[in-house]
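If you want the building blocks of each chain, they are given just below.
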Amino acid sequence: MAEPHPSTRSRIPGAGLAKGLAVTLRTMTRKTVTEQYPDVQPDLPPRTRGVIGLFEENCTVCMLCARECPDWCIYIDSHKETVPAATPGGRERSRNVLDRFAIDFSLCMYCGICIEVCPFDALFWSPEFEYAETDIHELTHERDKLREWMWTVPAPPALDPGAEEPKEIAAARKTAEKLAAAQSESAEPTQPNEPGGGAS
C-alpha cells in the first residue's frame, strides 16, 4: 500500500494571520469613498428593482399576478360591465373593469414573478426606492400611487443591431405598407390627353 505523499507546501506558522493582516493594511491605506446620500442620488444600475409601477390601461384583471404571487401581497377588485354591440345585429359583450389594484410592499419580496407572468405588460420595475413610511400600514400602495411610479420606469434598452425585428412590428409594418400601396393606387387620377398629342 502506497504511503500518502507529504504536502509539497511548507507550512509556516502564522502565515494565514500575516496574509489577513496584509489585506487589512492594504484596505486601510486606500481612500474611502462615501456616498453623500440624500444630497447626491446614487447611480443605480439600469435594472434596479425599486418599486412596481402599474400601467392601468393594459390591465385586463386576469388575476395572474395575484395568483402567482408567493407572498399574496397583491389585492385586486373588479366588476363586470356590459359593452354594447359594435355592429347592428351583433351581440353584447362583457368585460372586467378594474376597481382596485394594490400592492403591500411590507410583504413583497421583490421576486418579480408578477411582472414576468403579466401577459399584457401592465406591471414594470421602477428604480424608485424612496418610499419608506413611519407606519407599516401605509406601505400598501393603491393604483394611483402605482400609476405615478409608472412614469419613472426607464425606457427598455435598445435592441442589438443584428437582432431580428419583433414579429408584431414586422406585421404592423407590412399591413401599413399594403394600406399605403392600396391608397396610392386608388388616389392616382386618370391622366388627361396631353396638349398636341390627342385627337383633334
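Further up the page is the structure itself.
Residues numbered from 1 in each chain as written. Predicted model: local features only at pLDDT ≥ 70, side-chain atom pairs only at ≥ 80, totals over all residues. Heavy atoms only, no water.

Engineer: Even after reading the chapter, I still don't get the sheet that holds strand β2 (residues 74-83), so can you show me in this structure?
Structural biologist: Adjacent strands of a sheet form backbone hydrogen bonds with each other and so pair up, either parallel or antiparallel. The sheet built from three strands is open, its strands ordered β2-β3-β5 with antiparallel pairing. Here the strands that pair on one side only, and so sit at the sheet edges, are β2 and β5 (140-141). As paired strands, β2 and strand β3 (residues 93-104) are joined by 10 bridges and run antiparallel to one another. In the sheet register, S78 faces β3, and the bridge partner there is L98. Set on the sheet, helix α4 (residues 143-150) makes contact with β3 and β5; between it and β3 the angle comes to about 85°. (Pairing = 2+ DSSP bridges. Helix = DSSP H or I, 4+ residues; strand = E, 2+ residues; numbered from the N terminus. Contact = heavy atoms within 4.5 Å. Axes fitted to C-alpha atoms, helices over the stretch in contact; angles between N-to-C directions.)

Engineer: I would appreciate a short explanation of the packing of aromatic side chains in the present structure.
Structural biologist: Two numbers describe a pair of aromatic rings. These are the distance of the centres and the angle of the planes. A complete count under the given rule lists seven aromatic pairs for this structure. The structure contains a cluster of three or more aromatic residues connected by ring pairs, namely F105, Y110, W125, Y131 and W149. (Phe/Tyr/Trp six-rings, centres within 6.5 Å; stacked < 30°, edge-to-face > 60°.)

Engineer: When you look at the environment of T24 in this model, what are you seeing that I'm missing?
Structural biologist: Examined against the element boundaries, T24 turns out to sit in helix α1 (residues 15-29). Of the residues examined, T24 reaches a relative accessible area of 39% and is grouped as partly exposed. Among the polar contacts made by the side chain of T24, one reaches the main-chain carbonyl oxygen of G20 at a distance of 3.0 Å. (Buried < 20%, exposed > 50% of the residue type's maximum accessible area, 1.4 Å probe, protein only. Polar contact = N/O pair within 3.5 Å; in protein donor to acceptor, adjacent residues only side chain to side chain.)

Engineer: What exactly am I supposed to notice about unusual backbone geometry here?
Structural biologist: Phi is mostly negative for residues that are not glycine, and the peptide bonds are mostly trans. P38 follows Y37 through a cis peptide bond whose omega is 10°. Tracing the backbone through its elements, the reader meets P38 in the loop between α1 and β1 (51-54). Although it is not a glycine, V61 sits at a positive phi angle of roughly 55°. Structurally, V61 is set in the loop between β1 and α2 (64-68). A relative accessible area of 6% means that V61 is categorised as buried. Of note in the backbone geometry, W72 takes a positive phi value of approximately 55° without being a glycine. Take W72: it is sitting in the loop between α2 and β2.

Engineer: What's the story with the side chain of S126 in this structure? I'm lost.
Structural biologist: Residue placement: S126 occurs in strand β4 (residues 123-126). Residue class for S126 comes out buried when judged on its relative accessible area of 0%. Of note is the side chain of S126, whose polar atom sits 2.5 Å from the side chain of T152. If sequence neighbours within four positions are ignored, S126 has contacts with T48, R49, G50, V51, W149, T152 and V153.

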